[in-house]
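Working through the structure, step by step
Given next are the chains, with one letter for each unit.
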There are 2 protein chains.
Amino acid sequence: MAELGVISLEEAKAALDKFWKPKPRDVYVSFSHAIGRVSSTEIKSKIDVPPFDRATYDGFAVKASDTFGATESSPIKLKLVGRVLAGTWPRMHLRPGSSVEITTGAPLPRGADAVVMSEYAVVEDGSVNIYRSVSPWENVTSRGSDIKKGQIVIGRLKQLNLLDVAVLAAIGVKKIMVKDRPKVAVISTGSELVEPGAKLRKGKIYDVNATSLSESVRACGGEPVFLGTISDRFSAIKAAVSNGIKIADVVLISGGSSVGTGDLTPRAIATLGRPGVIVHGIAMKPGKPTFIAVVKNKPIFGLPGYPVSALMVFDQLVADYLHELSGIPRSRQSVVQAKLATKLLSARGRQEFVPVKLVEKDGQKLAEPILKGSGAITSLSTADGYIEVPLEREIVEEGESVEVKLFRGCSLV
Amino acid sequence: MAELGVISLEEAKAALDKFWKPKPRDVYVSFSHAIGRVSSTEIKSKIDVPPFDRATYDGFAVKASDTFGATESSPIKLKLVGRVLAGTWPRMHLRPGSSVEITTGAPLPRGADAVVMSEYAVVEDGSVNIYRSVSPWENVTSRGSDIKKGQIVIGRLKQLNLLDVAVLAAIGVKKIMVKDRPKVAVISTGSELVEPGAKLRKGKIYDVNATSLSESVRACGGEPVFLGTISDRFSAIKAAVSNGIKIADVVLISGGSSVGTGDLTPRAIATLGRPGVIVHGIAMKPGKPTFIAVVKNKPIFGLPGYPVSALMVFDQLVADYLHELSGIPRSRQSVVQAKLATKLLSARGRQEFVPVKLVEKDGQKLAEPILKGSGAITSLSTADGYIEVPLEREIVEEGESVEVKLFRGCSLV
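Quantities reported herein were computed from a predicted structural model and do not represent experimental measurements.

Description of the overall build of chain A
Within chain A, the secondary structure is distributed over seven helices and 28 strands. For chain A, the C-alpha atoms occupy an extent of roughly 105 × 60 × 45 Å along the three principal directions. In chain A, which comprises 413 residues, the share counted as buried stands at 51%. Excluding contacts between residues fewer than 6 apart, the proportion of contacts in chain A whose partners are at least 24 apart in sequence is 72%.

If you want it as structure tokens, here you go:
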């Protein structure tokens with residue numbers, strides 16, 4: 001009948017705060033791997049884009065004033081003195097009364113200040129007849145008109161999308177500094193667990209947490225490192241956590257944290273260094289047996305073994321730290337008002353999270369609690385969201401208005 | 001003054017439809033790589049989850065009727081005959097008047113039908129005193145209560161999320177059949193182009209399309225294979241496209257498609273096989289010089305060289321085919337009503353797409369057209385969405401109500 005020193009979620013976070021704070025790291029990545037990452041610094045262009053005045057269309061580079069007065073019925077004849085192709089650099093200097101054939105994207109030769117589109121010009125015996133006048137800089141894409149040298153193209157702490165990396169390509173930046181992905185060791189404990197795909201012997205079940213926690217870590221911008229499904233043995237747990245501290249920034253270990261026969265994990269961690277276990281027991285349901293330890297300046301989160309409990313505690317306790325480390329903003333949680341479909345009993349003194357399904361009935365939105373229990377992964381996979389019952393409430397009545405938080409958060413997308 | 005045989009976007013799609021239809025393929029992937037993929041078949045569980053009746057909490061397995069009448073003040077004494085740990089299989093058969101210590105998740109021994117939680121039991125001299133009665137199946141998680149053998153856990157054509165793969169783990173499925181990612185060859189042509197990161201010589205610019213089109217392909221569930229930034233040479237283009245047809249399902253080639261000096265790509269493709277180029281010129285802006293070819297039953301989309309044009313044409317013409325191949329649903333495009341901030345002139349006979357920025361002014365939503373031109377990638381990266389001007393419109397007046405399609409589509413996220 002051992003009792004945990006249960007504290008609130010907020011108190012648990014405050015306790016961790018004294019021993020560890022998330023410190024994001026920077027890393028350089030190629031712009032082709034930068035989508036979804038978060039910029040560490042603002043990024044300025046080192047070049048004008050385009051880097052020179054270029055023809056917007058295929059046509060003829062001219063001095064605009066040479067074309068003034070040209071019309072369909074009275075074209076102006078200019079001497080054709082050459083050709084500039086895109087990708088080359090023109091050496092000529094355009095003299096008054098002359099013109100140069102030019103392709104889309106090719107640099108404008110010196111002396112030219114406009115382009116007459118091919119549609120309005122006809123070549124004839126070393127000359128070109130211009131059938132429409134152009135104004136200065138018409139059909140020319142000016143140097144720096146897209147992006148100016150020195151211009152900030154991406155702000156600090158921006159999560160990069162497709163167009164951002166296209167802009168990086170345009171300014172020729174190959175590598176940029178982004179927030180590093182925190183490495184998160186994921187360990188499953190439980191002698192009853194086997195890895196999916198393996199043979200299921202009598203008394204065993206498949207390990208769900210390895211998968212659901214690893215993917216939750218990824219959704220928060222972290223890089224999960226799965227260290228195995230291990231049995232409830234003191235030495236195995238100690239070795240796995242010790243390894244996790246070495247290779248990762250954060251350690252997640254699920255199972256074996258309830259105070260009973262299986263309370264091995266906190267005891268094993270207690271032998272690894274100071275301060276060790278700093279929180280054991282949080283006043284939330286599911287999630288009461290959760291513990292937090294700090295060893296060698298790395299936090300270790302001990303999550304419940306039940307898959308739903310592990311995911312809920314991850315979402316409430318762990319996710320924010322990973323978002324802070326990775327810099328990736330948490331997707332906003334949408335909230336929907338609904339009426340509770342059936343009376344709900346809740347444990348006093350615990351903040352309770354209850355998965356619900358949303359249904360429409362007689363034009364009303366109803367939230368149906370899913371009471372399959374924390375062991376049932378389908379209680380989450382069939383839910384639309386969850387409601388939160390505060391510490392002091394024991395009963396929520398049928399028909400009472402409740403706030404349903406839709407699953408859009410990091411772990412439950 | 002060559003003219004393209006310009007047709008509408010719908011006509012272009014209908015023309016392609018005669019020669020090629022997207023045929024999705026199936027592929028097996030590990031469940032750990034299945035997030036975001038689309039299931040090819042429905043998935044049934046081959047096992048009950050849990051596969052046996054198990055203890056929901058640490059405590060004592062009993063025959064419920066043996067505990068009837070037990071209270072805090074008058075406990076009932078049962079003989080303690082053993083212990084079952086999670087992960088083991090109990091061989092004993094519980095006789096009336098006896099009890100077995102049991103840990104969370106351990107299988108219930110035969111003869112037992114309930115669990116008394118540790119909090120309500122005290123062990124004493126080979127016996128256990130029970131301080132609270134339990135009903136049959138109390139504190140027991142029944143075989144199949146989460147998922148029943150034969151139950152469909154994932155429907156056909158479902159895009160898998162974190163909870164779906166957690167369910168796959170729970171039923172022990174290691175590999176599942178999903179829609180394959182279409183391979184898409186991406187080729188950039190233009191003698192003026194250099195790859196980002198390389199030295200920028202006079203007359204050259206950085207290639208944006210390689211990046212923006214590859215990432216757009218990825219966003220539609222495809223796998224881009226970049227075949228290089230190649231110069232405007234007939235033989236180079238022919239070799240690259242020929243290679244693309246061999247290794248990929250779809251070929252995207254940008255640049256070199258306008259009818260002018262640089263009209264090499266359609267000519268090069270025309271030599272590769274029948275039917276060859278089936279569409280050349282689409283009545284949209286940007287995007288007029290777009291072409292479509294079919295060679296060896298593979299479609300080749302010739303996109304404009306200007307980055308904004310290439311992305312817009314990708315979004316309007318190519319994206320839907322890739323979504324159909326990958327099975328990944330297209331993210332819904334949100335629409336916002338706004339008033340046009342300035343008069344807009346449009347080319348008659350072309351469906352025009354104009355990037356706009358949304359601003360609030362005097363409590364009104366205004367759409368400001370960004371008129372930097374198709375060459376400027378910042379005209380997209382600074383836009384919130386775009387408006388569409390139909391074929392027959394030439395002027396949209398200042399203050400006119402317009403529908404702004406927000407960038408949420410596949411290529412422009």
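Considerations on the nonpolar core
The biggest cluster of nonpolar side chains holds 94 residues, and the ones touching the most others in it are Val241 and Leu252 of chain A together with Ala170 of chain B. Sort the elements by how many residues they give to this core and helix α6 (residues 307-326) of chain A lands first, with twelve residues. Once residues within four sequence positions are removed from consideration, Leu252 of chain A is found in contact with Val184, Ala185, Val186, Ile187, Leu213, Phe301, Leu303 and Val318 of chain A. Counting 93 residues, the second largest nonpolar core, distinct from the first, contains Val308, Val354, Val396 and Phe407 of chain B.

As for the packing of helix α3 (residues 209-219) of chain A against helix α2 (residues 162-170) of chain B
For the pair α3 of chain A and α2 of chain B, interaxial distance at closest approach is 9 Å and the crossing angle is 160°. When the axes of α3 of chain A and α2 of chain B are compared, the pair comes out roughly antiparallel. Crossing of α3 of chain A over α2 of chain B shows right-handed handedness. Contacts between α3 of chain A and α2 of chain B involve Thr211, Ser212, Glu215, Ser216 and Ala219 of chain A from the former and Leu162, Val165, Ala166 and Ala169 of chain B from the latter. When grouped by side-chain class, the residues that make up the contact of α3 of chain A with α2 of chain B number five nonpolar, three polar and one charged.

Quick notes on helix α4 (residues 234-247) of chain A
Note that an α-helix has 3.6 residues per turn; residues three or four places apart therefore point the same way. In this model α4 of chain A runs 20 Å from its N-terminal to its C-terminal C-alpha over 14 residues, within 8% of the 20 Å that 1.5 Å per residue would give. Residues of α4 of chain A that are buried sit in contact with β13 (183-189), β16 (223-230), β17 (250-254), α5 (265-270), β20 (291-295) and β21 (298-303) of chain A.

Observations concerning the confidence of the model for chain A
Taken as a whole, chain A shows an average pLDDT of 91; of its residues, 96% reach a score of 70 or greater. Between residues 409-413 of chain A, whose pLDDT stays under 50, and residues either more than four places distant or in other chains, the model counts 29 contacts.

Describing the pairing of strand β8 (residues 121-124) of chain A
All names here are of chain A. In terms of strand pairing, β8 meets strand β9 (residues 127-130) through four bridges, oriented antiparallel. Following the sheet pairing, Ala121 is matched in β9 by Ile130. Where β8 folds back on β9, the antiparallel hairpin that results is connected by two residues, among which Asp125 adopts a positive phi of roughly 50°.

Thoughts on the sheet that holds β9 of chain A
All names here are of chain A. Ordered by their spatial adjacency, six strands build an open sheet running β7-β4-β6-β5-β9-β8, and the pairing between neighbours is mixed. Strand pairing shows two members of the sheet lacking a second neighbour, β7 (114-117) and β8, which therefore form its edges. Ignoring strand direction, the axes of neighbouring strands in this sheet form an average angle of 40°.

Let's talk about the interface of chain B and chain A
In this assembly, 70 residues from chain B lie in contact with 70 residues from chain A. Mapped onto the side of chain B that touches chain A, the elements with two or more residues apiece are α2, β15 (205-206), α3 (209-219) and α7 (378-381) of chain B.

Quick look at the relation of the copies chain B and chain A
Between the two copies, chain B and chain A, the superposition gives an RMSD of 0.1 Å; the rotation angle is 180° and the shift along the axis is 0.0 Å. Expressed as an axis order, the relation between the two copies is that of a two-fold axis. Minimal C-alpha separation from the rotation axis in chain B is found for Gly36 of chain B, amounting to 7.7 Å. Both copies contact each other with a shared surface, as 100% of the interface residues of chain B are interface residues in chain A too.

Some thoughts on the environment of Leu340 of chain B
Residue and element names in this part refer to chain B. Along the polypeptide, Leu340 turns up in strand β22 (residues 335-340). C-beta crowding within 10 Å serves as the criterion here: with 21 such atoms nearby, Leu340 is assigned to the buried category. Spatially, the C-alpha atoms of Leu340 and Val194 are 38 Å apart, while their sequence positions differ by 146 residues. Leave out the neighbours within four places in its chain, and Leu340 touches Ala367, Val396, Glu398, Gly399, Glu400 and Val402.

Quick look at the sheet that holds strand β16 (residues 223-230) of chain B
Residues and elements named next belong to chain B. Read across the open sheet, the six strands follow the order β16-β13-β17-β21-β20-β18; overall the sheet is mixed. Each of the sheet's edge strands pairs with one partner strand only, and the pair in question is β16 and β18 (275-280). Between one strand axis and the next, the sheet turns by 20° as a mean value, whatever way the strands run. Across five bridges, the pairing between strand β20 (residues 291-295) and strand β21 (residues 298-303) is antiparallel. Looking across to β21, one finds that Val295 is bridged to Lys298.

Side note on the environment of Pro196 of chain A
For Pro196 of chain A, the location among the structural elements is in the loop between β14 (193-194) and β15 (205-206). Sequence separation between Pro196 of chain A and Val208 of chain A is twelve residues; the distance between their C-alpha atoms is 8.1 Å. Contact partners of Pro196 of chain A, with chain neighbours within four places excluded, come to Tyr206 and Asp207 of chain A together with Phe31, Ala169, Gly172, Val173 and Lys174 of chain B.

Points about helix α4 (residues 234-247) of chain B
All names here are of chain B. Regarding α4, the residues found buried are Ile237, Ala240, Val241, Gly244 and Ile245. Along the long axis of α4, the arc covered by the buried residues comes to 135°, so they all point the same way. For α4, exposure combined with an orientation more than 90 degrees from the buried face picks out Ser235, Lys246 and Ile247. Tucked inside the fold, the buried residues of α4 contact β13 (183-189), β16, β17 (250-254), α5 (265-270), β20 and β21.

Focus on unusual backbone geometry
All names here are of chain A. Cis geometry is adopted by the peptide bond preceding Pro275, which originates at Arg274 and carries an omega value of -5°. Mapped onto the fold, Pro275 is located in strand β18 (residues 275-280). Unlike most non-glycine residues, Lys296 shows phi in positive territory, near 50°. Owing to 11 C-beta atoms within 10 Å, Lys296 belongs among the exposed residues under this scheme.

Criteria and thresholds
- Residues numbered from 1 in each chain as written.
- Chains lettered and ligands numbered in written order.
- Predicted model: local features only at pLDDT ≥ 70, side-chain atom pairs only at ≥ 80, totals over all residues.
- Helix = DSSP H or I, 4+ residues; strand = E, 2+ residues; numbered from the N terminus.
- Buried ≥ 20, exposed ≤ 12 C-beta atoms within 10 Å, placed from the backbone.
- Contact = placed C-beta atoms within 7 Å.
- Core = buried A, V, L, I, M, F, W, Y, C linked by C-beta atoms within 7 Å.
- Axes fitted to C-alpha atoms, helices over the stretch in contact; angles between N-to-C directions.
- Parallel < 35°, antiparallel > 145°, perpendicular 65-115°, else oblique.
- Left-handed = near helix turned anticlockwise from the far one by under 90°.
- Nonpolar A, V, L, I, M, F, W, Y, C, P; charged D, E, K, R; others polar.
- Expected span 1.5 Å × (residues − 1).
- pLDDT = per-residue confidence, 0-100.
- Pairing = 2+ DSSP bridges.
- Least-squares fit on C-alpha atoms with pLDDT ≥ 70 in both.
- Arc of directions from axis to C-beta.

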